[in-house]
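Letter by letter, the chains look like this.
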There are 2 protein chains.
Amino acid sequence: MPRRRSKPSESTIRRLSLYLRALEGLGEEGESTASSELLAGRVGTTAAQVRKDLSHFGSFGKRGLGYEVAPLQVHLKEILGLHRRWPVVLVGAGRIGSALFEYPHFGARGFEIVAILDRDPAKVGRRWGEVEISPMDELESVVHDRKAELAILTIPWDGAQDVAEALVAAGVRGILNFAPLQLRLPPEIEVNDVNLALEMEALSFALHLGGSQVDGVDARSGEG
Amino acid sequence: MPRRRSKPSESTIRRLSLYLRALEGLGEEGESTASSELLAGRVGTTAAQVRKDLSHFGSFGKRGLGYEVAPLQVHLKEILGLHRRWPVVLVGAGRIGSALFEYPHFGARGFEIVAILDRDPAKVGRRWGEVEISPMDELESVVHDRKAELAILTIPWDGAQDVAEALVAAGVRGILNFAPLQLRLPPEIEVNDVNLALEMEALSFALHLGGSQVDGVDARSGEG
DNA sequence: CGGGCCTTGTGAATCATTTCACAAGACCTG
DNA sequence: CAGGTCTTGTGAAATGATTCACAAGGCCCG
Ligand SMILES: NC(=O)c1ccc[n+]([C@@H]2O[C@H](COP(=O)([O-])OP(=O)(O)OC[C@H]3O[C@@H](n4cnc5c(N)ncnc54)[C@H](O)[C@@H]3O)[C@@H](O)[C@H]2O)c1
Ligand SMILES: NC(=O)c1ccc[n+]([C@@H]2O[C@H](COP(=O)([O-])OP(=O)(O)OC[C@H]3O[C@@H](n4cnc5c(N)ncnc54)[C@H](O)[C@@H]3O)[C@@H](O)[C@H]2O)c1
């Protein structure tokens, strides 16, 4: 367990990912050192926030100088668990499933989709690159054999709960879920939901209010 | 402007979207009324949270009874700005772009992709359903003519800042951004980032810590 | 080697969100 | 219509996150 001074929040973790990407950019630009202020600028937060976030895990900077780009990158990768390879099972060989599979950036981070599962017989047996699509009844053996602890779930909502439970039963501990429903799983299982309709709705809300709209929601219809 | 008792937080808004979806489910199941506790259960929060969230916008329930499913649905749609149609411009006719375009659920919420733009000459001129892919130099006229205030940006990071600025210049006020970079735009422009690599990294972090890993991050290398 | 200049790391203070707890209503039953 | 049972709406309390502010260190220059 890393030198943990205090328990980092969910948002701290998400910012660590952003710092890591910012550092990669800085590295490519030839910078060898970065202050909390520079990092904050790249990521859209404040210098104090950067320092506080990092301070949960250790002291990585030098006073008066800032942070060294390359070593901090390494530290962040270790903190985030990216110093190792993560075999991932993808369930749902549909539209987003295929977009994700072909996305090269996952591989660059150590996430490797080692198996694809789908229940559609027309898809089972096809190959995507190196990986052949397997039928659902191989779920358990595939998860087990490939030692996959992470899964990406890109199937419609009505099958998602059952499949998620099967994944967990087979040994999966973390799920990136695209199906628009609340998965009910044991609390030790980590679930991250990606809900794109919700993101659009948040935009709609912001524009709706800021815009010209003035009529609208009246709470009680005929009360006194 | 709706009856706003106090300013709702970002997370309140996101939960409203979840309540709305939960209500739709309850409606389909034939429920005509729902307590804050029931709603909380469906969405994975607490009853007090549900009531507090709703209370920012009005009084929608009846004491002793709960909330009526159908009217609350209508109220939530109005609060979120979903009572109207939102024309949307999609920039980037690639893998996720096409997945999003074909996703029927957006349409069900009033989001309609009315134009697709791409800079690849091989893609320009093709049709996706009713919509023809336009070249980038038509960006301004398309956004303007279709009165699109929302855009979805699914192009690689290196073009994203320029295209986002062009969208804003043409009248777009909200962007759903898939490119993994921090867009720098005027503060009145609403940007929601979808960063899938980051979501995977958050899972990696959680599993990494909870798991067997114990070696790890040591802060200073050769200090004394 | 001392003084000036920077930037970190971090308690304390502020600000935001969530949870608690309960009075005010609403309905139903007898 | 009074009493019992429910569930809302909401101040107040608790918890959590961010920002402030500054002492402690490190580097460089002269
Ligand atoms: N496409 C989008 O842009 C988008 C946007 C937001 C959310 N989503 C959500 O992502 C999920 C997938 O969307 P999509 O557009 O890729 O769908 P899709 O229909 O293109 O693909 C779904 C795939 O899952 C397979 N499948 C269905 N049920 C299954 C089951 N029980 N077990 C195993 N495989 C099963 C199907 O055979 C198909 O190959 C859905 O939940 C959808 O709501 C999609
Ligand atoms: N595919 C994924 O699963 C995935 C996951 C996470 C993030 N992303 C991000 O989403 C974005 C799109 O990913 P994708 O996989 O769909 O890429 P893609 O290469 O399949 O599609 C990108 C499309 O954008 C077009 N394009 C490129 N530059 C452009 C420009 N300057 N102006 C207009 N059009 C331009 C290309 O012609 C192409 O059609 C990228 O930023 C990527 O990092 C994708």
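Residues numbered from 1 in each chain as written. Chains lettered and ligands numbered in written order. Predicted model: local features only at pLDDT ≥ 70, side-chain atom pairs only at ≥ 80, totals over all residues. Heavy atoms only, no water.

Student: For this particular structure, what's the right way to read the relation of the copies chain B and chain A?
Tutor: For the pair chain B and chain A, the superposition axis carries a translation of 0.0 Å, the fit reaches an RMSD of 0.1 Å, and the rotation angle comes to 180°. What we have between these two chains is a two-fold relation. Considering only C-alpha atoms, the part of chain B nearest the rotation axis is Ile96(B), at 3.3 Å. Here 99% of the contact residues of chain B are again contact residues in chain A; the copies associate through an equivalent surface. (Least-squares fit on C-alpha atoms with pLDDT ≥ 70 in both. Contact = heavy atoms within 4.5 Å.)

Student: Would you mind going over the sheet that holds strand β3 (residues 66–68) of chain B with me for this structure?
Tutor: The strands making up a sheet associate through backbone hydrogen bonding, with each pair oriented either parallel or antiparallel. Residues and elements named next belong to chain B. Pairing in this open sheet of three strands is antiparallel, and the strands run β1-β3-β2 from one edge to the other. Since the sheet does not close on itself, it has two edges, and those belong to β1 (33–34) and β2 (61–62), each with one partner. Examined bridge by bridge, β1 and β3 share two bridges and lie antiparallel to one another. Bridging across to β3, Ala-34 finds its partner in Tyr-67. (Pairing = 2+ DSSP bridges. Helix = DSSP H or I, 4+ residues; strand = E, 2+ residues; numbered from the N terminus.)

Student: Would you take a moment to explain the protein's contact with DNA strand C for this structure?
Tutor: In the vicinity of DNA strand C there are 26 residues, among which Ser36(A), Arg51(A), Tyr67(A), Ser9(B) and Arg63(B) approach most closely. The sugar-phosphate portion of DNA strand C accounts for 64% of its atoms within 4 Å of the protein, the bases making up the rest. With respect to DNA strand C, the side chain of Lys52(A) contributes an N or O atom lying 3.5 Å from a base nitrogen. Gln49(B) is positioned such that a nitrogen or oxygen atom in its side chain is 3.3 Å from a sugar or linking oxygen of DNA strand C. Considering each element in turn, the surface near DNA strand C owes the most residues, four residues, to helix α3 (residues 47–55) of chain B. Looking at the surface near DNA strand C residue by residue, the class counts come to four nonpolar, twelve polar and ten charged. (Near = heavy atom within 4 Å. Polar contact = N/O pair within 3.5 Å; in protein donor to acceptor, adjacent residues only side chain to side chain. Nonpolar A, V, L, I, M, F, W, Y, C, P; charged D, E, K, R; others polar.)

Student: Looking at this structure, how should I read the site of ligand 2?
Tutor: Every one of the 23 residues lining ligand 2 counts as a neighbour, but Tyr103(A), Ile96(B), Asp118(B), Lys123(B) and Ile155(B) are closest to it. Residues near ligand 2 are shared among chains A and B, making this a multi-chain site. Note that an oxygen atom of ligand 2 is positioned 3.1 Å from one of the backbone N or O atoms of Ala99(A). Side-chain polar atom of Tyr103(A) to an oxygen atom of ligand 2: 2.8 Å apart, as the coordinates give it. Within the complex, the protein chains bury 87% of what would otherwise be the 820 Å² of accessible surface of ligand 2. Elements with a minimum of two residues in the shell around ligand 2: α5 (95–102) of chain A together with α5 (95–102) and α8 (157–170) of chain B. Of the residues that constitute the shell around ligand 2, the class distribution is 14 nonpolar, four polar and five charged. (Areas by Shrake-Rupley, 256 points an atom, 1.4 Å probe, with all protein chains shown as cover.)

Student: Can you walk me through the protein's contact with DNA strand D in this structure?
Tutor: By nearness alone, 26 residues border DNA strand D, and Arg63(A), Ser36(B), Arg51(B), Gly64(B) and Tyr67(B) come closest of all. A breakdown of the atoms of DNA strand D within 4 Å of the protein gives sugar and phosphate a share of 64%. At 3.1 Å, a side-chain N or O of Arg63(B) approaches a sugar or linking oxygen of DNA strand D. Contributions of two or more residues to the surface near DNA strand D are made by α1 (10–28) and α3 (47–55) of chain A together with α3, β2 and β3 of chain B. Broken down by element, the surface near DNA strand D gets its largest block of residues, four residues, from α3(A).

Student: Looking at this structure, how should I read the sheet that holds strand β6 (residues 127–128) of chain B?
Tutor: Residue and element names in this part refer to chain B. Across the sheet, which stays open at both edges, the seven strands sit in the order β6-β7-β5-β4-β8-β9-β10 with mixed pairing between neighbours. A strand with exactly one partner marks an edge of an open sheet, and here the two such strands are β6 and β10 (190–193). As judged from the two bridges shared by β6 and strand β7 (residues 131–134), these two strands associate in the antiparallel manner. Among the inter-strand pairings, Trp-128 is bridged to a residue of β7, identified as Val-131. Against the sheet, α8 touches β4 (86–91), β8 (150–153) and β9 (174–177), its axis set at about 170° to β8. (Axes fitted to C-alpha atoms, helices over the stretch in contact; angles between N-to-C directions.)

Student: Looking at this structure, how should I read the pairing of β8(B)?
Tutor: As a general feature of sheets, a regular strand has side chains that alternate between the two faces. All names here are of chain B. Alternating residues of β8 divide into Leu-150 and Ile-152 and Ala-151 and Leu-153, and every residue in both groups is buried. Here β4 pairs with β8 via four bridges, running parallel. Note that in β8 the partner of Leu-90 across the bridge is Ile-152. Bridge analysis of β8 against β9 gives four bridges, and the strand direction is parallel. The partner of Leu-150 across the bridge, within β9, is Gly-174. The β-α-β motif built from β8, the intervening α8 and the parallel element β9 has right-handed crossover chirality. (Buried < 20%, exposed > 50% of the residue type's maximum accessible area, 1.4 Å probe, protein only. Right-handed = clockwise from strand over helix to strand, strands pointing away.)

Student: What is the right way to look at the interface of chain B and chain A in this model?
Tutor: Buried accessible area, meaning the area lost when the parts come together, often serves as the stated size of an interface. Of the residues lining the interface, 80 residues belong to chain B; the matching set on chain A comes to 79 residues. Here Glu201(A) ties to Arg109(B) by a salt bridge, and the two come within 2.5 Å at their closest N and O atoms. Put simply, chain B and chain A have 24 residue pairs in polar contact (both at pLDDT 80 or more) between them. The element contributing the most residues to the side of chain B that touches chain A is helix α9 (residues 196–210) of chain B, with 15 residues. In the side of chain B that touches chain A, the residues fall into 41 nonpolar, 19 polar and 20 charged. (Salt bridge = Lys/Arg side-chain N within 4 Å of Asp/Glu carboxyl O.)

Student: Would you mind showing me how to read the environment of Ala99(B) here?
Tutor: Along the polypeptide, Ala99(B) turns up in helix α5. For the pair Ala99(B) and Lys147(B), spaced 48 residues apart in sequence, the C-alpha separation works out to 23 Å. Here Ala99(B) is in contact with Arg95(A) and Ile96(A), once residues within four sequence places are set aside.

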